[in-house]
Amino acid sequence: MRSSYHKDDVCLLLKDITGLVQPQPTDEREKLIQAGRHYCEMLPIEYVPTAEYMEAYHAALEHYAKPTARAVGNLADKIMQARGEKTALVSLARAGIPAGILLKWYIRFKYGVDLPHYSVSIIRGKGIDDNAMQYLLKRHLPEQLLFVDGWIGKGAILKELQKDMAAYRGVSPEIATLSDPANVTGLCGTHRDILIPSSCLNCTVSGLISRTFLREDVIGKADFHGAVYYEEYRDMDLSYSFLHAIEAEFEKDCKTDDFFVEGFGYEEAWEVAREFQIDDINLVKPGIGETTRVLLRRAPFKILLDKRYQKDPSLAHILRLAEEKGVPVEFYPLKHYKACGIIKKMTDL
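Described below are features of the structure shown in this document.

Basis of the calculations
- Starting from 1, residues in each chain are numbered consecutively following that chain's sequence as written.
- Under the rules for a predicted model, residues below a pLDDT of 70 receive no local features and side-chain atom pairs below 80 are neither given nor counted, while totals for whole chains, interfaces and linings still include all residues.
- Calculated side-chain values reflect all of the structure's heavy atoms, with hydrogen atoms and water omitted.
- Note on method: axes are straight lines fitted to C-alpha atoms, helices fitted across the in-contact stretch only, with angles between N-to-C directions ranging 0 to 180 degrees.
- The numbering of helices and of strands both runs from the N terminus, where a helix is a DSSP run of H or I of at least 4 residues and a strand a run of E of at least 2.
- In this scheme, roughly parallel covers angles under 35 degrees and roughly antiparallel covers those over 145, while 65 to 115 is roughly perpendicular and the rest are oblique.
- We call two residues in contact whenever any of their non-hydrogen atoms come within 4.5 Å of each other.
- Charged means Asp, Glu, Lys or Arg here, nonpolar means Ala, Val, Leu, Ile, Met, Phe, Trp, Tyr, Cys or Pro, and polar covers whatever is left, Gly included.
- Under the scheme applied here, a residue whose accessible area is under 20% of the maximum for its type counts as buried, over 50% as exposed, and between as partly exposed, the area being computed with a 1.4 Å probe on protein chains only.
- Comment: arc refers to directions from the helix axis out to C-beta atoms.
- We define a salt bridge as a contact between a side-chain nitrogen of Lys or Arg and a carboxyl oxygen of Asp or Glu at a distance within 4 Å.
- Ring pairs shown here join Phe, Tyr and Trp side chains whose ring centres sit within 6.5 Å, with only the six-membered ring taken for Trp; geometry is labelled stacked below 30 degrees between planes, edge-to-face above 60, and tilted in between.
- The criterion is that NZ of a Lys, or CZ of an Arg, lies within 6 Å of the ring centre and within 35 degrees of the ring normal, and then a charge sits over that ring.

**Focus: the packing of helix 2 (residues 51-82) against helix 3 (residues 96-111)**
Here is step 1 of the chain: Close contact between helix 2 and helix 3 brings their axes to 9 Å; oriented N to C, the two are set at 70 degrees. Comparing their axes, helix 3 and helix 2 come out roughly perpendicular. Within the contact between the two elements, helix 2 uses Val72, Gly73, Leu75, Ala76, Asp77, Ile79 and Met80 and helix 3 uses Leu102, Leu103, Tyr106, Ile107, Lys110 and Tyr111.
Here is step 2 of the chain: Split by residue class, the contact of helix 2 with helix 3 holds 10 nonpolar, 1 polar and 2 charged.

What follows is the structure, encoded as structure tokens:
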């Protein structure tokens, strides 16, 4: 799979489907998704940021490079203590890839160990890429594989992994993630709902690749799941400038973050769903990262912000996007999260 990442940083176990799939407008995709078509069978038109939004992104990077680096360091220490130097990092494409590269770099920086790093596709409701798993298991022992993601919203992908890994004896379904406000994994950099700046952008901070794709007329039985390479955005690519900004804040002695809120994020997501009379929990996307995704590639109904964080710099890009797209913002008491995105119901489109 082509990307703007160096091959030494990540091996992408993906099929290049550039030119084979026509991206679709957001509202068109949303109607099809809510009518029953799976999101992995379509690709969105990538959001091209305005100059004002890019200002918000650069401000976010300036404010949150250090907390992100601290989360990387805390997580890397936990990985080395729990798994050791034989670990193979397996990031979940696409949001997990920058996190996986940062973990690889930090472990090399502090421990002098160069862990292998792969990226595979996992799709909610469809499962993990079996061909990619077979590739990995021919090269590594099952217990050496460790899945990596950027952040956790409700924990839906963790549940997908728990279900899928029953087919791969010895492979742990555990996810290592920089931020886990949902409280579903101990292998995290922090339980705070922090802004991971890479969540602010799409392909231009993710190696110029699309989200992953699976449709039988394009992806054969022997193929990896697919992705598109966006060469047309090469001049806008910030993938390495993001990584180097976080790397510049690496410290070998990271202060442990003991922040914790009782309960689980998915319980709070269900409370939001009941409050707004939403039957489909997949329309509720809690956390900074997931809220940003709703604004970037879904059809938002409204954005919820916890009033305690109304002036928090980590929400500036969300407010900018909501203003650009005319999405209402409402204060709502949240326990585990600073923000929550709600997707429009099909009947509202």
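From this point on, the discussion continues.
**Re helix 7 (residues 265-275)**
Here is step 1 of the chain: Three or more residues of helix 7 are buried, namely Gly265, Glu268, Ala269, Val272 and Ala273. The buried residues of helix 7 occupy an angular sector of 150 degrees when the element is viewed end-on, so they sit on one face.
Here is step 2 of the chain: Looking at the packing, one finds that the buried side of helix 7 touches strand 11 (284-286), strand 12 (300-305) and strand 14 (339-343).
Here is step 3 of the chain: Immediately downstream of helix 7, the backbone of glutamine 277 shows phi near 55 degrees, a positive value.

**Quick notes on the pattern of salt bridges**
Here is step 1 of the chain: Taken as a whole and assessed by the stated rule, the structure comprises 23 salt bridges.
Here is step 2 of the chain: A salt bridge links arginine 2 to glutamate 231; the nearest nitrogen and oxygen atoms lie 4.0 Å apart. Here the residue arginine 2 occupies a position in the segment before strand 1 (11-12), and glutamate 231 occupies one in the loop between strand 10 (226-227) and helix 6 (239-247), the gap between them amounting to 229 residues.
Here is step 3 of the chain: You can call arginine 2 partly exposed: its relative accessible area is 40%.

**Quick word on the packing of aromatic side chains**
Here is step 1 of the chain: This model, assessed by the stated rule, comprises 11 aromatic pairs.
Here is step 2 of the chain: Here the aromatic rings of tyrosine 118 and tyrosine 135 are separated by 6.4 Å at their centres, their planes lie at 75 degrees, and the arrangement is edge-to-face. Of this pair, tyrosine 118 sits in strand 4 (residues 117-120) while tyrosine 135 sits in helix 4 (residues 130-137), placing them 17 residues apart in sequence.
Here is step 3 of the chain: A residue is classified by how much of its surface remains accessible, and tyrosine 118, at 11% relative accessible area, is buried.
Here is step 4 of the chain: For tyrosine 135, a relative accessible area of 25% translates into the label partly exposed.
Here is step 5 of the chain: Through a chain of ring-to-ring contacts, three or more aromatic side chains come together here, namely Tyr5, Trp105 and Tyr240.
Here is step 6 of the chain: Over the ring of tyrosine 135 we find arginine 139; its NZ or CZ atom is 3.5 Å from the centre of that ring.

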